[in-house]
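Structural overview
Spelled out from the first residue to the last, the chains are:
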Amino acid sequence: MRSRDRNDSHFHLRRRLLLGLAASPLLGALPGRPLAQAGAGALAVTDKEVSVGILHSISGTMAMSETGATQGERLAIEQINAGGGILGRQIKIIQEDGASDWPTFAEKARKLVVNDHCAAVFGCVTSASRKAVLPVFEQYNGLLYYPTYYEGLEQSKNVIYTGQEATQQTLVALDWVTKEKGAKTFFMVGSDYIWPRTTNKIATKHIANVTKGSIVGEEYFPLGHTQFNSVINKIKLKKPDVIFATVVGGSNVAFYKQIKAAGIDLKKQTLITVSVTEDDVDGIGGENIADAYSCMKYFQSIKTPANEKFVADFKKRWGDKTVIGDVTQAAYLSPFLWKTAVEKAGTFDVDKVIAASPGIEMKDAPEGYVKIHENHHLWAKTRVARARADGQFDVVYESPELIEPDPFPKGYQ
């Protein structure tokens, strides 16, 4: 079993490594002609290399949830470079730290797109950070690969969404818990920003109109919040069938520790979250979240040859003690999807790469088969899994078919 104290040194070592990489000579760089710098529309492509950006929080409250995404993207780029690169060019990484601060994300996105002329950027985790950078990518015609499950209600020419939207995750979670647990009453606890609030608006409509349940409580707390005893007391008083959790980042450590300390037994009290992956459990401590359920499209424990190879490669690169969560895997997919689109287009030109993207598929992704929809989201399966005390998850449900992405579902807007 783990605890936050036992993982602090490991987590901070990972973060220092990434910060060091960001400050060091850039990955995959080879000598070549000077980078193209003529105007905001020019791309940093030489005869030997192409520049891309990585933009995640490797400091601040979201670092616990975003470090894995950076590791996944770097691993993919290293593997692509080892295989010969893209169109005969090696990929050069320019990494920036969004520092868990939305204006900083916007500033760094502008640097990567306008100043560094990156051909693509892999980045953001929270919807707040994505919304902060979106105007930059749309104004200057950049290309962002966004790896996180999110609330939907968005579609941009300049974004490829490699995570899931609400109809692929939240609605599946609610249908599953209603059917399997007979759930009728729900208490919602979330962090206070766009993703939890919008997700819970969608969930509330689904509970009222489809599953015919009711909401008995709904509360939100600032990012980084650590005092949940008051809301936990309300949960104990209301006795909901299900705690529906959308708490994110470092706040999860306090939330789940305090649930356990308050005597809530997750073997008896159903808790389902759409915001906790193995990366988060690494900080929370498996003993504090054991028997909770999480709904994601990927879990490290998936038993397929492709995933077992991915896990082995990841641990070889980043250490045997590292874990791999949903966002990390979706981030890993992104450079490969971009590579395939670039090769299909025969150019790094952003408009042509975007045009080539619908229909791009990965038949042997760690999560299984995925394909880019015309709406720039991925067809994917969804899974529900039970948390174990060792920090891993046992999958208890998998959607029988790929779920078509529907970011603007009727009746939920």
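The text that follows walks through the structure, step by step, so that each part is easy to find. (Residues numbered from 1 in each chain as written. Predicted model: local features only at pLDDT ≥ 70, side-chain atom pairs only at ≥ 80, totals over all residues. Heavy atoms only, no water.)

This part is about the packing of helix H5 (residues 170–181) against helix H6 (residues 194–211). Here H5 crosses H6 at 40°, and the two axes come no closer than 10 Å. Here H5 lies oblique to H6, going by the angle between them. When the axes of H5 and H6 are compared, the crossing they make is right-handed. Judged by residue contacts, Thr 170, Leu 171, Leu 174, Asp 175 and Thr 178 of H5 engage Thr 199, Ile 202, Ala 203, His 206, Ile 207, Val 210 and Thr 211 from H6. Here the contact of H5 with H6 is composed, by residue class, of six nonpolar, five polar and one charged. (Axes fitted to C-alpha atoms, helices over the stretch in contact; angles between N-to-C directions. Helix = DSSP H or I, 4+ residues; strand = E, 2+ residues; numbered from the N terminus. Parallel < 35°, antiparallel > 145°, perpendicular 65-115°, else oblique. Left-handed = near helix turned anticlockwise from the far one by under 90°. Contact = heavy atoms within 4.5 Å. Nonpolar A, V, L, I, M, F, W, Y, C, P; charged D, E, K, R; others polar.)

Next up on the list: the environment of Thr 270. Mapped onto the elements of the fold, Thr 270 is located in strand E9 (residues 270–273). The contact partners of Thr 270, leaving out residues within four places of it in the chain, are Val 177, Lys 181, Asp 241, Val 242, Ile 243 and Tyr 293.

Moving on, we get to the pattern of salt bridges. Counted under the stated rule, the structure contains 19 salt bridges. Two residues, Lys 92 and Glu 49, come together in a salt bridge whose shortest N-O distance is 4.0 Å. Separated by 43 residues along the polypeptide, Lys 92 in strand E2 (residues 90–97) and Glu 49 in strand E1 (residues 49–56) bring together distant segments of the chain. Of the two residues, Lys 92 and Glu 49, neither departs from the other in class, the shared state being buried. In this structure, Glu 361 engages Lys 363 in a salt bridge whose closest nitrogen and oxygen atoms are separated by 3.9 Å. We classify Lys 363 as exposed; its relative accessible area is 63%. (Salt bridge = Lys/Arg side-chain N within 4 Å of Asp/Glu carboxyl O. Buried < 20%, exposed > 50% of the residue type's maximum accessible area, 1.4 Å probe, protein only.)

As summarised here, the arrangement of the three strands in space is E11-E12-E13, forming an open sheet in which the pairing is antiparallel. The open sheet terminates on both sides in strands that have one partner only, identified here as strand E11 (361–365) and strand E13 (378–379). In this structure, E11 lies alongside strand E12 (residues 368–372), joined through three bridges in antiparallel fashion. Counted as the bridge partner of Met 362 is Val 370 from E12. Contacting E11, E12 and E13, helix H12 (residues 326–345) runs over the sheet at an angle of about 130° to E11. (Pairing = 2+ DSSP bridges.)

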